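If you want the building blocks of each chain, they are given just below.
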Amino acid sequence: MSYIIFDVVSVVINVVSVVIIIILILMKLFNLIKHYLALYFSLPEKKKTKVKFLITTMIVILLGYSLYRIYTEINIKPYRYWYQLVDKNPKPWNVSFEEFSRRNREGYCWADRKTYTKEELNNKAIISYVKMELLKMQSLKEGWIREAGGGYEERSYLGRFFSESGCGRFGCKVLMISPLLINRSPVFEKAQKLMQENVQKNIEINQEFSFNLYDKDRLNLIDELKEVNSIEIKDDHDFLSYIKNHNDFIIAGMEKSNIVLSLMFNKSIFIVSNQDKDINQEKLRIYNSGIDEYFPDSSIPKNIDIHDYGVGLYYFFPKKIYLYEKKYTQENGKEILFKNLDNLDNSIYYAINNCGDLLIKPEYILESKWIDYLKEIFGNTKVNWIELIND
């Protein structure tokens with residue numbers, strides 16, 4: 001009984017203390033306001049006018065900024081990546097929307113005044129994809145986003161100033177590897193063979209291998225990157241200069257301080273058309289998984305047809321393989337997990353415009369893959385019910 005009385009007394013004391021602190025703060029504020037009002041009324045009339053003007057200006061600026069933020073949150077932020085993409089292939093002022101739409105549906109790029117082939121679009125889309133990867137790494141380094149629930153979420157503006165990067169010393173980089181040097185590392189050579197099989201046979205990669213490396217000091221994937229002379233790409237100009245000197249390349253992404261690498265071979269990158277046989281038979285669905293959300297969610301305005309703006313005729317389809325460092329023992333060497341199908345990450349189609357620029361969000365996936373994925377989670381009955389609602 002005495003414990004209960006003690007707890008009640010403690011709570012009452014805490015509440016009273018908080019109330020007293022609030023009263024003291026309010027009294028201090030009241031005294032400050034009273035002081036400045038007395039000061040204001042003691043000023044000459046000319047100085048009063050200046051003070052009024054300054055206060056009015058500050059109120060207008062604050063209101064204007066608040067209205068701008070509200071407008072941005074409602075009208076721009078949900079469609080930020082769409083507007084960025086449209087700005088890269090704008091309608092000429094002297095062309096009607098009907099003409100603009102017709103030529104866009106034929107694959108014309110107004111910004112460059114030409115129609116690109118699939119091969120040309122592939123080269124341009126890869127550059128656009130590398131820009132996106134660099135932006136992702138920058139946002140991780142500078143604390144724009146943070147890891148949350150298996151994916152990422154956007155930090156508040158204030159949170160960015162007080163957050164630490166989770167990249168560590170070696171993480172959050174985009175690197176290039178020459179396939180000519182791949183045989184210097186048994187780990188990367190195995191990754192290349194597995195990806196070749198995946199592209200040829202369209203099979204899932206989820207295999208673990210042990211590598212009895214001759215050098216016991218090479219205990220992580222960073223040492224393997226040194227073996228193949230990887231080069232860090234810090235901007236898209238670095239990438240352009242690299243591909244001018246190399247016909248073939250591998251893009252490596254290092255996201256975290258712990259060793260997890262993603263590899264993307266240029267021979268496993270494809271441009272597909274919405275007229276292609278595989279796409280024609282199946283519907284592309286917007287992919288909102290909540291996993292690996294490096295960038296904030298973004299939509300496309302519902303009252304438009306993306307084909308009118310030269311988007312949706314072609315899609316960029318890259319396949320990746322992930323390397324997870326597991327453990328090292330003197331008996332078995334280093335264990336590496338190779339995996340390419342990670343929550344449909346390797347089935348994502350990025351919409352590109354007719355100029356090869358990539359739409360970051362939303363991403364797309366073939367409907368059949370999405371349905372298969374749902375069946376694994378919910379079973380056939382519930383998925384059929386979901387399909388019925390969507391139809």
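Relevant structure appears above.
Residues numbered from 1 in each chain as written. Predicted model: local features only at pLDDT ≥ 70, side-chain atom pairs only at ≥ 80, totals over all residues. Heavy atoms only, no water.

### Notes on the state of the cysteines
Simply put, disulfide is the name for a covalent bond between the sulfur atoms of two cysteines.
Link 1 in the chain: Under the definition given, this model contains one disulfide.
Link 2 in the chain: Here Cys109 is linked by a disulfide to Cys355, with a sulfur-sulfur distance of 2.0 Å. One quick way to see it: the torsion about the S-S bond of Cys109 and Cys355 is about 105°, and its sign makes the bridge right-handed. Of this pair, Cys109 sits in strand β1 (residues 108-109) while Cys355 sits in the loop between β15 (348-353) and β16 (363-366); the two residues are 246 residues apart in sequence, bridging distant segments of the chain.
Link 3 in the chain: Under the relative-accessibility criterion, Cys109 is labelled buried at 0%.
Link 4 in the chain: The class of Cys355 is buried, set by a relative accessible area of 3%. (Disulfide = S-S within 2.5 Å. Helix = DSSP H or I, 4+ residues; strand = E, 2+ residues; numbered from the N terminus. Buried < 20%, exposed > 50% of the residue type's maximum accessible area, 1.4 Å probe, protein only.)

### Section: empty space enclosed by the protein
One simple way to see leftover space: roll a probe sized like a water molecule over the atoms.
Link 1 in the chain: Following the criterion strictly, the structure yields two cavities of 30 Å³ or more and no others.
Link 2 in the chain: Tyr129, Glu133, Ile251, Gly253, Ser262, Leu263, Met264 and Lys320 are the residues that line the second largest cavity.
Link 3 in the chain: Residue assignment for the lining of the second largest cavity shows that the elements contributing at least two residues are α5 (118-141), β8 (250-254) and β9 (260-265).
Link 4 in the chain: The element contributing the most residues to the lining of the second largest cavity is β9, with three residues.
Link 5 in the chain: The class makeup of the residues in the lining of the second largest cavity is four nonpolar, two polar and two charged. (1 Å grid on protein atoms, 1.4 Å probe; cavity = no way out; pocket = protein on both sides within 12 Å on 5 of 7 lines; lining within 4 Å. Points joined across faces, edges and corners; volume = space filled by probe spheres on them. Nonpolar A, V, L, I, M, F, W, Y, C, P; charged D, E, K, R; others polar.)

### With respect to helix α7 (residues 186-201)
Turn by turn, an α-helix covers 3.6 residues, leaving residues three or four places apart pointing in a common direction.
Link 1 in the chain: Between its terminal C-alpha atoms α7 stretches 22 Å, which fits the 22 Å expected from 16 residues at 1.5 Å a residue.
Link 2 in the chain: In the segment just after α7, Asn202 is the residue with positive phi, at about 55°. (Expected span 1.5 Å × (residues − 1).)

### Looking at unusual backbone geometry
Peptide bonds are trans in most cases, and residues, glycine excluded, mostly fall at negative phi.
Link 1 in the chain: A cis geometry characterises the amide bond from Lys361 onward to Pro362, with omega recorded as 0°.
Link 2 in the chain: Within the secondary structure layout, Pro362 lies in the loop between β15 and β16.
Link 3 in the chain: Despite not being glycine, Asn229 shows a phi value in the positive range, around 55°.
Link 4 in the chain: You can see Asn229 is positioned in the loop between α8 (221-227) and β7 (231-232).

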